[in-house]
Amino acid sequence: MKKMILALAIGFTSLSYAHDEGHGPKLADTGKYGGLVSAVVLKSDAKKGASAALVHKAELVRSADGTASVYLYDAEMKALDLKAFDAKATGSLGAKVNKKWKDTSFPLELKDSAFVGKMPKNSSKPYNIDVTLKETGKELLTAFDNLD
């Protein structure tokens, strides 16, 4: 009986950290606009976690009115020319509500040097924001986890 309880405890502990590994290599860069920096990877490689190849870097900047801005950089944190990107991207705010994971999508549009959109109200903290965008037909993903 004790072994079964221990196995369940370990199993549930690992599930609670399932999204914490992120999508792509861990980064220690500082955002140019005071935001959080995350790896941008091919969406098809997202399940590889930290071993997914870095395509670009992204910075998420959130304002008090709920506006989210995503800036894109190359590996050396130089701003990307966004002409190769589709003008629309999709954000997804994920949070646990009543012990169940809930995702709410929201649109982001390319404005000047960033993808900008209004985040939905988060139901609980911490929450995650995933952003899916396209560059020359390739679907890319960047994830910002454990936000509050």
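Residues numbered from 1 in each chain as written. Predicted model: local features only at pLDDT ≥ 70, side-chain atom pairs only at ≥ 80, totals over all residues. Heavy atoms only, no water.

Draft legend 1. Inspection of the overall build of the protein at higher detail. Helix and strand counts for the protein come out as one helix and eight strands. If you list the helices and strands of the protein from N to C, you get α-β-β-β-β-β-β-β-β. By residue count, 40% of the 148 residues in the protein fall in the buried class. For the protein, the proportion of contacts with a sequence separation of at least 24, taken over those separated by at least 6, is 51%. (Helix = DSSP H or I, 4+ residues; strand = E, 2+ residues; numbered from the N terminus. Buried < 20%, exposed > 50% of the residue type's maximum accessible area, 1.4 Å probe, protein only. Contact = heavy atoms within 4.5 Å.)

Draft legend 2. Examining the packing of aromatic side chains more closely. With the rule as written, the count across this model stands at two aromatic pairs. Ring plane angle 70° and centroid distance 6.3 Å describe the contact between Phe85 and Phe115, whose orientation is recorded as edge-to-face. Of this pair, Phe85 sits in the loop between β3 (67-73) and β4 (88-97) while Phe115 sits in strand β6 (residues 114-118), and the two are 30 residues apart along the sequence. Residue Phe115 is classed as buried on the basis of its relative accessible area, which comes to 0%. (Phe/Tyr/Trp six-rings, centres within 6.5 Å; stacked < 30°, edge-to-face > 60°.)

Draft legend 3. Seen up close, the pairing of strand β7 (residues 127-135). With eight of nine residues buried, β7 is to be regarded as a mostly interior element. The pairing of β7 with strand β8 (residues 138-147) spans eight bridges and is classified as antiparallel. Its bridge partner lying in β8, Tyr127 is registered against Leu147. What sits between the antiparallel neighbours β7 and β8 is a turn of two residues, in which Thr136 has the positive phi angle 40°. (Pairing = 2+ DSSP bridges.)

Draft legend 4. Layout of the sheet that holds β8. Strand order in the closed barrel made by the eight strands is β1-β2-β3-β6-β5-β4-β7-β8, with antiparallel pairing throughout. In this sheet, adjacent strand axes meet at a mean angle of 30° when their direction is disregarded. Relative to β6, β3 runs antiparallel, the two sharing four bridges. Bridged to Thr67 within β6 is Lys118. (Axes fitted to C-alpha atoms, helices over the stretch in contact; angles between N-to-C directions.)

Draft legend 5. Structural detail: the nonpolar core. With 22 residues, the main nonpolar core has Leu72, Phe115, Ile129 and Leu133 as its most contacted residues. Listed by contribution, the elements that provide at least two residues to this core are β2 (56-62), β3, β4, β5 (100-111), β7 and β8. Leave out the neighbours within four places in its chain, and Leu72 touches Val40, Lys57, Ala58, Lys78, Ala79, Leu80, Leu82, Phe85, Phe115 and Leu133. Core analysis: the second largest hydrophobic core is formed by six residues, Val61, Tyr73, Met77 and Ala114 among them. (Core = buried A, V, L, I, M, F, W, Y, C linked by side-chain atoms within 4.5 Å.)

Draft legend 6. The arrangement of the environment of Asp45 in detail. Examined against the element boundaries, Asp45 turns out to sit in the loop between β1 (36-42) and β2. On a C-alpha basis, the gap between Asp45 and Leu140 in space is 9.1 Å, while along the polypeptide they are 95 residues apart.

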